[in-house]
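One letter stands for each residue in the lines below.
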Amino acid sequence: RYIFAGDLLGQLIATSFGTVDLEIPLFGLYGACSTMGEALGLGAMCVNAGYADRVLTLASSHYATAEKQFRFPLGYGNQRAQSATWTVTGCGAVVLERGSEMKREVAVTGITTGKLVDMGTKDSMNMGAAMAPAAFHTVMQNLKDLEITKEQLEGGWYDKIITGDLGKIGKQALADLLRNEGLEAEGFLMDCGVEIYDNQKQDTHAGGSGCGCSALVLGALILPNIQAGIWKRVLFVPTGALLSTVSFNEGQTIPGIAHGIILEGMGK
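As a starting point, this report considers the structure included with it. Note that the structure is predicted; figures quoted are calculated from it, not measured.

1. Some remarks on the overall build of the protein chain
- The secondary structure content of the protein chain amounts to 9 helices and 13 strands.
- Counting only C-alpha atoms, the protein chain reaches 55 × 50 × 35 Å along its principal axes.
- Within the protein chain, the fraction of its 268 residues that count as buried is 51%.
- Intrachain contacts of the protein chain at a sequence separation of at least 6 include 75% that bridge at least 24 residues.
- Surface accessibility of the protein chain: about 12600 Å² in total, with carbon and sulfur atoms responsible for 53%.

Take a look at the structure:
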């Protein structure tokens, strides 16, 4: 009935050009690399409220176009900082509907919509530093809202807390922030940007990023593991750095955002 979708390009042209032939009503979304979480949250609310029986949520990104828009043209041949991530080329999509005849389905059982968090980071080559505080805020808000105790969390309330594209540096920063609150989370923290590339074969520095990063890992790893019963409950936290070429060139800081989506296996 609806599409909730977005990408990284100006005016969401990948989404609009890519879905125009479907002729389905579209909500174009921009949450930077957190867009898949935003789409899932809005789509789930729409279906749960009865405004649609089935919706399509998706996000995409493309390496060359994002690098050209947010960093440097590829032809420039500049050195990449070790803190930089590699924009993922790809698209992931999920259909949300009320009820299902599948033997083992995955349900969105809760959402924690993220707030903007700006800690003053200005380095566009270190997106992990800009987004980690937002991920921390969303995780802590989720624990507070659901009254999940430290003991429950460390006892496996969530099989995994999976961030979108913090990369190696941002993932460690999030673990450190949680440790300051007395939570030892490294054992169950995952990051799509760390998982998506094989750094033994691909030199992607801090890992992967982009709207497609978390969307692809969601479809290729997270949902299959829940469907197979390997994980029962996951907190999926796509992360986004809300900068533009204009704001960066003007020397502005980079606000971050992260949307929390609770995914649970509902196998029969």
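2. Quick look at the environment of Cys 192
- Looking at the element boundaries, Cys 192 is found in helix 7 (residues 192–195).
- Cys 192 sits 29 residues away from Thr 163 along the chain, and the two C-alpha atoms are 6.2 Å apart.
- Apart from the residues lying within four places of it in its own chain, the contact partners of Cys 192 are Ile 162, Thr 163, Gly 164, Cys 213, Ser 214, Val 217, Ile 222 and Phe 236.

3. Some points on the packing of helix 4 (residues 127–145) against helix 6 (residues 167–180)
- Contact geometry for helix 4 and helix 6: axes closest at 8 Å, N-to-C directions at 40°. Between helix 4 and helix 6, the crossing angle belongs to the class labelled oblique. Along this stretch, helix 4 crosses helix 6, giving a crossing that reads as right-handed. Across from Gly 128, Ala 132, Pro 133, Ala 135, Phe 136, Val 139 and Met 140 in helix 4, the residues of helix 6 making contact are Gly 170, Ala 173, Leu 174, Leu 177 and Leu 178.
- When the residues that make up the contact of helix 4 with helix 6 are grouped by side-chain class, the tally is 10 nonpolar, 2 polar and no charged.

4. Overview of the sheet that holds strand 1 (residues 2–6)
- Strands sit in the order 2-1-3-5 across an open sheet of 4 strands; the sheet is mixed. Either end of the sheet is taken by a strand with one partner, and the two such strands are strand 2 (26–28) and strand 5 (90–97). This sheet shows a mean twist of 15° between the axes of neighbouring strands, independent of strand direction.
- Here strand 1 runs beside strand 2; their pairing, made up of 3 bridges, is parallel. Opposite Ile 3, over in strand 2, you have Leu 26 as the bridge partner.
- In the packing of helix 8 (residues 211–227) onto the sheet, contacts are made with strand 3 (54–61) and strand 5, and the angle to strand 3 comes to roughly 120°.

5. Examining the environment of Glu 97
- Turning to its location among the elements, Glu 97 is positioned in strand 5.
- Taking the relative accessible area as the measure of exposure, Glu 97 reaches 35% and is therefore partly exposed.
- Put simply, Glu 97 and Arg 54 are 43 residues apart on the chain and 4.3 Å apart in space, counted from C-alpha to C-alpha.
- Among all residues touching Glu 97, those that are not within four sequence positions of it are Val 47, Asp 53 and Arg 54.

6. A short note on the pairing of strand 13 (residues 260–265)
- Taking burial as the measure, the 6 residues of strand 13 include 6 buried ones, the bulk of the element.
- Because side chains alternate across strand 13, one face comprises the buried residues Gly 260, Ile 262 and Glu 264, and the other comprises Ile 261, Leu 263 and Gly 265, equally buried.
- Across 6 bridges, the pairing between strand 6 (residues 106–112) and strand 13 is antiparallel. Of the residues in strand 13, the one forming a bridge with Ile 111 is Ile 261.
- Taken together, the 4 bridges between strand 10 (residues 233–237) and strand 13 define a ladder with antiparallel strand orientation. Across the sheet, residue Phe 236 finds its bridge partner in strand 13, namely Ile 261.

7. Quick word on unusual backbone geometry
- Within the chain, Ala 32 stands out as a residue other than glycine whose phi angle is a positive 55°.
- Take Ala 32: it is sitting in the loop between strand 2 and helix 2 (35–48).
- A positive phi angle, near 55°, is found at Glu 147, a position not held by glycine.
- Among the secondary structure elements, Glu 147 is positioned in the loop between helix 4 and helix 5 (150–154).

8. Points about the pattern of salt bridges
- Taken as a whole and judged by the stated rule, the model has 6 salt bridges.
- Residue Arg 179 pairs with Asp 176 through a salt bridge whose shortest N-O separation is 2.9 Å. Within this pair, Arg 179 and its partner Asp 176 are both found in helix 6, separated by 3 residues, close to a single helical turn.
- Relative accessible area serves as the criterion here: at 32%, Asp 176 is assigned to the partly exposed category.
- Here Arg 179 ties to Glu 184 by a salt bridge, and the two come within 3.2 Å at their closest N and O atoms.
- Taken together, the salt bridges that share partners define one network made up of Asp 176, Arg 179, Glu 184 and Glu 186.

9. Some remarks on the nonpolar core
- Core analysis: the biggest nonpolar cluster contains 63 residues, and Ile 161, Leu 218, Ile 222 and Phe 236 have the highest contact counts within it.
- Discounting residues that sit within four places of it in the chain, Leu 218 has contacts with Met 36, Leu 40, Val 94, Leu 223, Pro 224, Phe 236 and Leu 263.

Criteria and cut-off values
- Residues numbered from 1 in each chain as written.
- Predicted model: local features only at pLDDT ≥ 70, side-chain atom pairs only at ≥ 80, totals over all residues.
- Heavy atoms only, no water.
- Helix = DSSP H or I, 4+ residues; strand = E, 2+ residues; numbered from the N terminus.
- Buried < 20%, exposed > 50% of the residue type's maximum accessible area, 1.4 Å probe, protein only.
- Contact = heavy atoms within 4.5 Å.
- Areas by Shrake-Rupley, 256 points an atom, 1.4 Å probe, with all protein chains shown as cover.
- Axes fitted to C-alpha atoms, helices over the stretch in contact; angles between N-to-C directions.
- Parallel < 35°, antiparallel > 145°, perpendicular 65-115°, else oblique.
- Left-handed = near helix turned anticlockwise from the far one by under 90°.
- Nonpolar A, V, L, I, M, F, W, Y, C, P; charged D, E, K, R; others polar.
- Pairing = 2+ DSSP bridges.
- Salt bridge = Lys/Arg side-chain N within 4 Å of Asp/Glu carboxyl O.
- Core = buried A, V, L, I, M, F, W, Y, C linked by side-chain atoms within 4.5 Å.

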